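Below, each chain spelled out in residue letters.
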Amino acid sequence: MAARRPYSGKKLPDKSVGRRVGAARALSKLGLASRTVAADWVRAGRVSLNGKLITDPESPVVLERDEIRLDGMPARAMVKRYVMLNKPRGLVTTARDEQGRATVYSCFPNPQDHGLAPVGRLDKASEGLLLFSNDTEWASRLLDPVSHLNKTYHVQLNTRLTGRQLDDLHAGLRMDDGTLLKVSQAKLLRAGDKTSWLEIILSEGKNRQIRRLLEACDVEVLRLIRIAIGPVVLGELAKGASRALTMHEVQALSAASATVSPAK
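Okay, so let's go over this structure. (Residues numbered from 1 in each chain as written. Predicted model: local features only at pLDDT ≥ 70, side-chain atom pairs only at ≥ 80, totals over all residues. Heavy atoms only, no water.)

### Description of helix α6 (residues 247-258)
Now for step 1: Relative to the 16 Å expected for 12 residues at 1.5 Å per residue, α6 spans 17 Å between its end C-alpha atoms, a close match to the ideal helical length.
Now for step 2: Among the residues making up α6, those that are buried are Glu-249, Val-250, Ala-252, Leu-253 and Ser-257. All buried residues of α6 lie within an arc of 165° about the axis, which places them on one face of the element. Among the exposed residues of α6, those oriented more than 90 degrees off its buried face are Met-247, His-248 and Ala-258.
Now for step 3: Next to the buried residues of α6 lie β7 (82-87), β9 (127-133), α3 (136-143), β15 (221-229), β16 (232-233) and β17 (242-244). (Helix = DSSP H or I, 4+ residues; strand = E, 2+ residues; numbered from the N terminus. Expected span 1.5 Å × (residues − 1). Buried < 20%, exposed > 50% of the residue type's maximum accessible area, 1.4 Å probe, protein only. Arc of directions from axis to C-beta. Contact = heavy atoms within 4.5 Å.)

### A word on the pairing of β9
Now for step 1: Of all seven residues making up β9, seven are buried, and the element is well covered by its neighbours.
Now for step 2: Note that β7 and β9 share six bridges and pair antiparallel. Within the sheet, the bridge partner assigned to Tyr-82 lies in β9 and is Ser-133.
Now for step 3: Note that strand β8 (residues 117-119) and β9 share three bridges and pair antiparallel. Within β9, the position partnered with Pro-118 by the bridge is Phe-132.
Now for step 4: By the bridge criterion, two bridges tie β9 to β15 in an arrangement that is parallel. (Pairing = 2+ DSSP bridges.)

### Notes on the pairing of strand β13 (residues 185-191)
Now for step 1: Note that β13 and strand β14 (residues 196-202) share six bridges and pair antiparallel. By the bridge assignment, Ala-186 is partnered in β14 with Ile-200.
Now for step 2: Taking the residues between adjacent antiparallel strands as the criterion, β13 and β14 are bridged by four residues.

### Re the pattern of salt bridges
Now for step 1: By the definition in use, this model includes 15 salt bridges.
Now for step 2: Between Asp-168 and Arg-164 there is a salt bridge; the shortest N-O distance is 3.5 Å. Placement of both Asp-168 and Arg-164 in helix α4 (residues 163-171) is noted, with a separation of four residues, approximately one turn of the helix.
Now for step 3: Residue class for Asp-168 comes out partly exposed when judged on its relative accessible area of 22%.
Now for step 4: By relative accessible area, which is 61% here, Arg-164 ends up exposed.
Now for step 5: The shortest N-O distance in the salt bridge between Arg-243 and Glu-249 comes to 2.8 Å. (Salt bridge = Lys/Arg side-chain N within 4 Å of Asp/Glu carboxyl O.)

That's the geometry; what it means functionally is another story.
Below, the structure is given as structure tokens:
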């Protein structure tokens, strides 16, 4: 029988205790607000940790052990929520804009919806499907580059692309900063005398990817509408309106984000 090692005098770590996170992130993980809003709460002196007021959003918290309170009330996990919004053009995807521009939260009249954080982004000039949730772990899985979900867009152009230009979108174009951008799929939906519509599918999400690609083709984007994220489609949801995702949609997104193809 092996001899027992002598006690070193050091306190052994309690493996049952969770990892430390910043106070703002802790409140976000509980689904009470986005990390940005939670950080504002901490700085405003509305949050206490184990009976002591804190003002640093990065104050370490172990949710499984520490007592964290908001306005004197225990901060408890909220019911997880998953929402889709049909984002109108002209809104920025942020909780607070330093330039004072209107944000996507203007579409949510209910104050409790401000605890939902956007899952990904759409730029100010773009429209369509945008997801929100207070489930930060679920959102992180969807946004993980390793399991990036396909995103489908309908794009109106000021002209009709040539076959060569479509080939360039698929093969990829090198930007001035050295970044290679390309699409997974691009096909013509319809064309008129002066404009045309493309359907574009991206399997990666780089900043202003579609606009930069088409600009490199000397083509102007008139409208850019995201109509699907993975298996979830925008459908007939009115502009500026939102609705809760169905459980089937939440599960379908989870399953899609967990599937990693060898190409990725």
